[in-house]
Structure formats: C-alpha cells, structure tokens
Amino acid sequence: MHKLKRYEKLADEIAALIRSGILAPNQRVPSVRLACRNYDVSPATVFKAYYLLEDRGLIQARARSGYYVREHARGSLAEPKMSKRETAVQEVDVSELVFSVLGSLKDPHTVPFGSAFPSADAFPLARLAKSMGQGLRALSPHQIIADQTAGNDPLKRQIALRYTLAGVMLPMDELVITNGAMEALNLCLQAVTAPGDLVAIEAPAFYACLQVLERLKLKAVEIPVHPRDGIDLDGLADSLARLPIKACWFMSSFQNPMGASLTAERKQRLIELVHQHQVPLIEDDVYSELYFDSQPPRPLKSHDRDGLVMHCGSFSKSLAPGYRIGWVAGGRFAEKIAQLKLMTTISPSVPAQVAIADYLQHGGYDRHLRKLRHSLESQQQAMLAAAERYFPAETKVTRPHGGYFLWFEFPERVDSLTLFKVALAQGISLAPGPIFSASRSFRHCARLNYGHAWGEDSERAMALLGQVLAAF
Ligand SMILES: Cc1ncc(COP(=O)(O)O)c(C=O)c1O
C-alpha cells in the first residue's frame, strides 16, 4: 500500500480540520513557521502541503498575508438531519419505480449525476486488459477449470492481504469470490433468511438492497441514518429488542446514498448490539477504498470476534467496472454461501478473476487509488461549490469523507420525481429520493454523483437544476 508522503499527510490533517469546521471559511491556516513547529516538518513540506490544498480548492493564498480557508471550502448549505423513524414493518415493492428511473439513465449524452458509477475514464482499463493477457498466458489449463469452483487463489490471496491492511486477519477459506458485490449480498441474505423474515436496513438505503428484499419476499425494518454519523444505534437497539429481526444489512463507510460513516466507537457498539441479539450482519462495503482521510476506514468486520459479520466488497467501484468481480468474507456462514453460489452461478468468469489478480500484484493499484481519491475529493468540492451558487439557500447537503455521492435535501415544496423528469428532459440525470426507501419517503431529496471530471457541462447542469428547483 502507498505510504503517504509527509506533505500529503499534513494536507490531509488540515483538510480534515476544514471539513469538520474547526478551521472556518476565511480563517487563516497556520503560518508556515507555526506549521513547521506544530507538525515538526520543514518549510518545504508545509509549502507542498499548502499547494496541494490549494489544488483541491480548500485554501487560497492572499498577497503578503498567508493562506486562508476558501469561502466555500466547507460551504454554507446546512447538513440534513437524521432521517425520520418508520415504525411499521414494510412490504417492499419498489422495483418498477427503480427500473423506470434506471432505464432513463442510459443515454450517453446525459449529464450523469444519476449514475451509480464514477467516470469510466477514472479506471486503468488498458492496464487491466494487459493483465488479463499476461495472467491468462501464465494460467495452466487445469487451473482454469479448478478456479471456477474454488475461486482464483492468487486473487483470494491479494484480497486477504488488503484485509490485513485494514486490520482484519482473514483465513483464506472464509473468502468466496462472486459476480460483483451484488451476488455476494444476495447470497448472504439467502444464507440467513427465509421468505417472510424481517431484515433491518437503512433508511435511506441503496435501492438494489430494497430490490433484493422484494425478490426474496423479505420484509424491511427501516432504521434511520444520520448523514454524518451513520445508522441510528438507539433506533436499531429498540428494533432488535422488539422485533424478530433475522438479519441486518448495513453500510458502515460512505453509505449509499448519504455518504455517512460510523466512527470506530460506534462500529464497536453496533457489533455489540448484534452479538447481544445474535443477529447476522451483512456489511456492504463497496466504497471502502474511496476514502479522503489519511487512513482507510476499518470495517465492522474488524470488530467481529464471533463470525457474525459477512463482509461484502467489490472491484466494480474502485478498479474494474464490468468485470463483475466481488467477494464476501462470510464468517461462520462462509460454507453455506459457497454452496449457494455453486447452486446458482457456479463462479464469476475466471479470466476476469485472473486479470484482477495480476493487476493487484503488478499494476500499481495503490497509485491508481491515490489518483482516483484525489480526483473524487476535488470533484466533490466543485459540486458543493456549484450547489452553493445555484441551489436554493434552504437546500441541505451532506459532506462525505469518501465515495462519490452527495445527498441533497431540498425545500419540502420540491418533488424529486418531478425534478427528475424535468431535468432528464433537459439532458441531466439524478437519482430521486423515493427510490432509496421501502416506504417511498425522501420525496424532496436526491442523490447526485460527482464521480466525473468537472467541466463546463457539469457547471451548466448545476445551474439548470438550480433554475428547475427555483420554479417549484
Ligand atoms: C452500496 C452498493 N452495494 C453494492 C453495489 C453493487 O456492486 P457490484 O457492482 O460489485 O455488484 C453497489 C453498486 O452500485 C452499491 O452502490
């Protein structure tokens, strides 16, 4: 893994102070002399850190008076509040709405704020293709058959290695390679539930989570999410005590769509809760590599001593969209999950597994990730600044420390399904709030994707959205 240079670490520390509001807009950042003393670094290191922060749009130099936090570095739009509690158990029936929204996102000329992916240009696709050639040439004919059932060993080793960097020591036989995280999540839920069971999910939740519940005829218990702190642990404790919940499906870092992350202490408390009730927990962690702080977030899995957590990951968002390679570290359910996988798809494509394994060994994954994280962070700044300029002043917005989504809460008068239709007619997509909820709440909310290079088109699209919003 890339070891951050001193100046990058310093820049990250100061960026965190700005994001948390400790360093406010227009406030002077520490002088070079002070920073040298406080952080025990050389003036050259401080200058390099400040140039980097300037590049990221967080600070600006003022003639003869030093560096200052930019006006919109943190922004004046407020943060949304914790989502409201729905006490009723929900039958899930959202697929038609989700498909009607997703179906309209396919036009390549549309500004892709509604997309679920970062730009395809953000991925090292040519280098991956080279890895596929190299990896396959080195693969024995015997292995291409064997890897179907067991998964490609070098790939599993590389994944296990990345777990150790995130603080999880994982026996390789806990890992099941799957067709993207989506298959992993489906199999986990099948392994621990039967039709009619109750599953605790987030509100708002990733829409495909709702679709999986619908397909497996499971019922949703929606737990509120705070836009910064993540799932409402008191609400969860109450639901676990009152209802016969058979599984939880949560995201602990850069939750889709809100971007929230739980602190290590809250992760620990969440694990204690599920241990107390002995409820299996499916951790959807597909954005964990896309963090902006200096250290990777540790998954819930790193707090689990009991094998109750099934941790699902993927390369779709960080390296290889379309290769459809994900995995699950299945804890005590690993064998059941592996059997279910053999009974459904047998295996993801072996050439795709081999390509990613070769790339992880030789392709420079950490260099690629570093670049991707920095692009995403500065694109987030650009979208936030545009929202400040063009959206109604009462708009609320999240400021996640990773991933590539912003969650907007517009004034109550805005109907996001109408907003979606009007914007799409003008060539702009977005993900309207109701697709993220079994109870079709969040009517005045939307998720916007900042995973594409920021340019005039994006700026124009934000201005246009601002006009549509003003007309409500
Ligand atoms: C939160 C979340 N989980 C899982 C997935 C699915 O990942 P994959 O493409 O690896 O199946 C996505 C993709 O949009 C996602 O956003």
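The rules behind these values
Residues numbered from 1 in each chain as written. Predicted model: local features only at pLDDT ≥ 70, side-chain atom pairs only at ≥ 80, totals over all residues. Heavy atoms only, no water. 1 Å grid on protein atoms, 1.4 Å probe; cavity = no way out; pocket = protein on both sides within 12 Å on 5 of 7 lines; lining within 4 Å. Points joined across faces, edges and corners; volume = space filled by probe spheres on them. Helix = DSSP H or I, 4+ residues; strand = E, 2+ residues; numbered from the N terminus. Nonpolar A, V, L, I, M, F, W, Y, C, P; charged D, E, K, R; others polar. Near = heavy atom within 4 Å. Polar contact = N/O pair within 3.5 Å; in protein donor to acceptor, adjacent residues only side chain to side chain. Areas by Shrake-Rupley, 256 points an atom, 1.4 Å probe, with all protein chains shown as cover. Expected span 1.5 Å × (residues − 1). Buried < 20%, exposed > 50% of the residue type's maximum accessible area, 1.4 Å probe, protein only. Contact = heavy atoms within 4.5 Å. Pairing = 2+ DSSP bridges. Salt bridge = Lys/Arg side-chain N within 4 Å of Asp/Glu carboxyl O. Domains from an automatic or database assignment. Buried area = accessible area lost by both parts, 1.4 Å probe. Axes fitted to C-alpha atoms, helices over the stretch in contact; angles between N-to-C directions. Left-handed = near helix turned anticlockwise from the far one by under 90°. Core = buried A, V, L, I, M, F, W, Y, C linked by side-chain atoms within 4.5 Å.

**What about empty space enclosed by the protein?**
Then, number 1: Throughout the structure, instances matching the rule amount to 4 cavities of 30 Å³ or more.
Then, number 2: In terms of lining, the largest cavity is formed by 20 residues, of which the most central are Arg 162, Ala 166, Ser 288, Glu 289 and Trp 327.
Then, number 3: Of all the elements in the fold, those that place two or more residues in the lining of the largest cavity are helix 7 (153-165) and strand 9 (309-314).
Then, number 4: A total of 4 residues in the lining of the largest cavity trace back to one element, the largest contributor, which is helix 7.
Then, number 5: Across the lining of the largest cavity, the residue classes tally to 12 nonpolar, 5 polar and 3 charged.

**Some remarks on the site of the ligand**
Then, number 1: Of all residues adjacent to the ligand, which total 15 residues, the nearest are Ala 181, Asp 284, Tyr 287, Ser 314 and Lys 317.
Then, number 2: One of the backbone nitrogen or oxygen atoms of Ala 181 is found 2.7 Å away from an oxygen atom of the ligand.
Then, number 3: In the environment of the ligand, an oxygen atom lies 2.6 Å from a nitrogen or oxygen atom belonging to the side chain of Tyr 287.
Then, number 4: Protein chains shield 95% of the accessible area of the ligand, which is 390 Å² for the free molecule.
Then, number 5: Top element by residues in the shell around the ligand is helix 8 (residues 180-192). It accounts for 4 residues.

**Considerations on helix 1 (residues 6-19)**
Then, number 1: Taking 1.5 Å per residue as the helical rise, helix 1 with its 14 residues ought to reach 20 Å, and the 20 Å between its terminal C-alpha atoms agrees with that figure.
Then, number 2: Tyr 7, Glu 8, Leu 10, Ala 11, Asp 12, Ile 14, Ala 15, Ile 18 and Arg 19 are the residues of helix 1 that are buried.
Then, number 3: Among the structural elements, helix 2 (32-39), helix 3 (43-55), strand 1 (59-62), strand 2 (66-69) and helix 14 (365-390) are those in contact with the buried residues of helix 1.
Then, number 4: After helix 1 finishes, the residue Gly 21 shows a positive phi value of roughly 90 degrees.

**So, the sheet that holds strand 11 (residues 396-397)**
Then, number 1: Read across the open sheet, the 4 strands follow the order 11-12-14-13; overall the sheet is antiparallel. Where the open sheet ends on each side, the last strands, each with one partner, are strand 11 and strand 13 (431-432).
Then, number 2: In this structure, strand 11 lies alongside strand 12 (residues 405-409), joined through 2 bridges in antiparallel fashion. The partner of Lys 396 across the bridge, within strand 12, is Glu 409.

**Quick notes on the pattern of salt bridges**
Then, number 1: Applying the stated criterion across every chain yields a total of 16 salt bridges.
Then, number 2: The partner of Asp 366 in a salt bridge is Arg 162, and the shortest N-O contact between them spans 3.0 Å. On the criterion of sequence distance, the pair formed by Asp 366 in helix 14 and Arg 162 in helix 7 is long-range, its members being 204 residues apart.
Then, number 3: Residue classification places Asp 366 among the buried positions, given a relative accessible area of 14%.
Then, number 4: Taking the relative accessible area as the measure of exposure, Arg 162 reaches 17% and is therefore buried.
Then, number 5: For the salt bridge of Asp 234 with Arg 269, the shortest nitrogen-to-oxygen distance reads 3.0 Å. Taken together, the residues span a long stretch of sequence, with Asp 234 in helix 10 (residues 233-242) and Arg 269 in helix 11 (residues 264-277) at a distance of 35 residues.

**Section: the domain arrangement of the protein chain**
Then, number 1: Split by domain assignment, the protein chain resolves into domain 1 (6-69), domain 2 (89-121 + 367-471) and domain 3 (124-363).
Then, number 2: Relative placement of domain 2 and domain 3: their C-alpha centres are 25 Å apart.
Then, number 3: Between domain 2 and domain 3, the residue contacts involve 37 residues of the former and 37 residues of the latter.
Then, number 4: Carbon and sulfur atoms supply 63% of the area buried between domain 2 and domain 3, which totals about 3,300 Å² over both sides.
Then, number 5: Broken down residue by residue, the surface that domain 2 buries against domain 3 is led by Val 92, Arg 373 and His 401, which jointly contribute 18%.
Then, number 6: The interface formed by domain 2 and domain 3 holds 15 residue pairs in polar contact (both at pLDDT 80 or more) in total.
Then, number 7: Breaking the side of domain 2 that touches domain 3 down by element, the ones donating at least two residues are helix 4 (95-103), helix 14 and strand 12.

**Quick look at the packing of helix 14 against helix 16 (residues 456-470)**
Then, number 1: Contact geometry for helix 14 and helix 16: axes closest at 9 Å, N-to-C directions at 35 degrees. Relative to helix 16, helix 14 is oriented so that their crossing is right-handed. Contacts between helix 14 and helix 16 pair Met 383, Ala 386, Ala 387, Arg 389 and Tyr 390 from the former with Glu 459, Met 462, Ala 463 and Gly 466 from the latter.
Then, number 2: In the contact of helix 14 with helix 16, the residues fall into 6 nonpolar, 1 polar and 2 charged.

**What to know about the environment of Pro 154**
Then, number 1: Within the fold, Pro 154 resides in helix 7.
Then, number 2: Remark: the alpha-carbon pair of Pro 154 and Val 354, spanning 200 residues in sequence, is separated by 8.0 Å.

**A few points about the pairing of strand 3 (residues 175-179)**
Then, number 1: In terms of residue burial, strand 3 counts as a mostly covered element, since 4 of its 5 residues are buried.
Then, number 2: Inspection of the sheet shows strand 3 paired to strand 10 (residues 325-329) by 5 bridges, in the antiparallel sense. Bridging across to strand 10, Ile 177 finds its partner in Trp 327.

**Quick word on unusual backbone geometry**
Then, number 1: Cis geometry is found at the peptide bond from Ala 203 to Pro 204, where omega equals 5 degrees.
Then, number 2: Tracing the backbone shows Pro 204 in the loop between strand 4 (198-203) and helix 9 (207-215).
Then, number 3: Unusually for a residue other than glycine, Asn 26 sits at a positive phi of about 70 degrees.
Then, number 4: If you trace the backbone, Asn 26 turns up in the loop between helix 1 and helix 2.

**Considering the sheet that holds strand 4**
Strands in a sheet are paired, the pairing made by backbone hydrogen bonds, and the direction either parallel or antiparallel.
Then, number 1: Taken together, 8 strands build an open sheet; the order of strands is 3-10-9-8-7-4-5-6 and the sheet is mixed. Either end of the sheet is taken by a strand with one partner, and the two such strands are strand 3 and strand 6 (230-231).
Then, number 2: The strands that helix 9 touches are strand 4, strand 5 (219-226) and strand 7 (245-250); relative to strand 4, the one it contacts most, it runs at about 160 degrees.

**Here's the deal with the nonpolar core**
Then, number 1: Ranked by size, the top nonpolar core spans 111 residues in total, and within it Leu 189, Leu 213, Phe 315, Ile 356 and Leu 448 carry the most contacts.
Then, number 2: Each of two domains, domain 2 (89-121 + 367-471) and domain 3 (124-363), supplies a minimum of three residues to this core.
Then, number 3: Look past the residues within four positions of Leu 189 in its chain and what remains in contact with it is Val 199, Val 212, Leu 213, Leu 216, Leu 218, Ala 247, Trp 249 and Ile 282.
Then, number 4: Ranked by size, the runner-up nonpolar core spans 21 residues in total, among them Ala 200, Cys 248, Leu 262 and Leu 300.

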